[in-house]
Amino acid sequence: MLFQVEMTVKLPPTMPADEAAAIKAREKEYAQELQRQGKWRHLWRVAGSYANVSIFDVRDNAELQELVAGLPLFPWMEISVKPLCRHPSSIRDDDS
Ligand SMILES: O=C(O)C[C@H]1C=CC(=O)O1
């Protein structure tokens, strides 16, 4: 199942820089591992903001919840999710 996930990161300005850097490093490792596994299919920065638009390819809603809740930055994110299905005019083979 494909989902569009939008994540906006809101770290408190009072968080010490080294703590923020450590969380971001763990986040990067986690995100890259899910990309290698094919579960996090696309990851795009929303220009001009600390936000991304992502496409997840997961078994079901429960797996999406598990993966997203496991993000090291999860406690400081606003997240919105939209379920996707194949567009009838798409010419891409990997859209479903
Ligand atoms: O930077 C972000 O958009 C937040 C998060 C998503 C992947 C990652 O490495 O960090």
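Quantities reported herein were computed from a predicted structural model and do not represent experimental measurements.

Cut-offs applied
Residues numbered from 1 in each chain as written. Predicted model: local features only at pLDDT ≥ 70, side-chain atom pairs only at ≥ 80, totals over all residues. Heavy atoms only, no water. Buried < 20%, exposed > 50% of the residue type's maximum accessible area, 1.4 Å probe, protein only. Helix = DSSP H or I, 4+ residues; strand = E, 2+ residues; numbered from the N terminus. Pairing = 2+ DSSP bridges. Polar contact = N/O pair within 3.5 Å; in protein donor to acceptor, adjacent residues only side chain to side chain. Contact = heavy atoms within 4.5 Å. Near = heavy atom within 4 Å. Areas by Shrake-Rupley, 256 points an atom, 1.4 Å probe, with all protein chains shown as cover. 1 Å grid on protein atoms, 1.4 Å probe; cavity = no way out; pocket = protein on both sides within 12 Å on 5 of 7 lines; lining within 4 Å. Sits in = over half its atoms within 2 Å of the grid points. Arc of directions from axis to C-beta. UniProt positions renumbered as here; feature names shortened; annotations may be inferred.

**Focus: the pairing of strand E3 (residues 51-57)**
Every regular strand shows the same layout, with side chains that alternate between the two sheet faces.
Item 1. With 5 of 7 residues buried, E3 lies mostly within the body of the structure.
Item 2. Pairing geometry for strand E1 (residues 2-9) and E3, over 7 bridges, is antiparallel. Looking across to E3, one finds that Leu2 is bridged to Asp57.
Item 3. Relative to E3, strand E2 (residues 40-45) runs antiparallel, the two being bridged by 5 bridges.

**Some thoughts on the side chain of Ser54**
Item 1. If you trace the backbone, Ser54 turns up in strand E3.
Item 2. Looking at Ser54, its side chain comes within polar contact range of the side chain of Trp40, at 2.9 Å.
Item 3. Here the side chain of Ser54 touches Asn52 through a polar contact of 2.7 Å, side chain to side chain.
Item 4. For Ser54, the contacting residues outside a window of four places in its chain are Phe3, Gln4, Val5, Met7, Trp40, His42 and Leu43.

**Details of the site of the ligand**
Item 1. Lining the immediate surroundings of the ligand are Val9, Glu27, Lys28, Ala31, Trp40, Arg45, Tyr50, Asn52, Leu73 and Met77.
Item 2. Side-chain polar atom of Arg45 to an oxygen atom of the ligand: 2.7 Å apart, as the coordinates give it.
Item 3. If the ligand stood free it would expose 270 Å²; the protein chains cover 87% of that surface.
Item 4. Most atoms of the ligand, that is more than half of them, are within 2 Å of grid points of the largest pocket.
Item 5. Breaking the shell around the ligand down by element, the ones donating at least two residues are helix H1 (17-36) and E2.

**Comments concerning helix H2 (residues 61-69)**
Item 1. Every buried residue of H2 is listed here: Glu63, Leu64, Leu67 and Val68. The buried residues of H2 occupy an angular sector of 125° when projected down its axis, which confines them to one face. Those residues of H2 that are exposed and angled more than 90 degrees off the buried face are Gln65 and Glu66.

**Examining the UniProt feature "domain: Muconolactone isomerase" (unreviewed entry) in the chain**
Item 1. Taken from the UniProt record, the annotation "domain: Muconolactone isomerase" (unreviewed entry) applies to residues 1-89.
Item 2. Within residues 1-89, the helical portion is 33% and the strand portion 33%, while the C-alpha atoms at the span's ends are 19 Å from each other.

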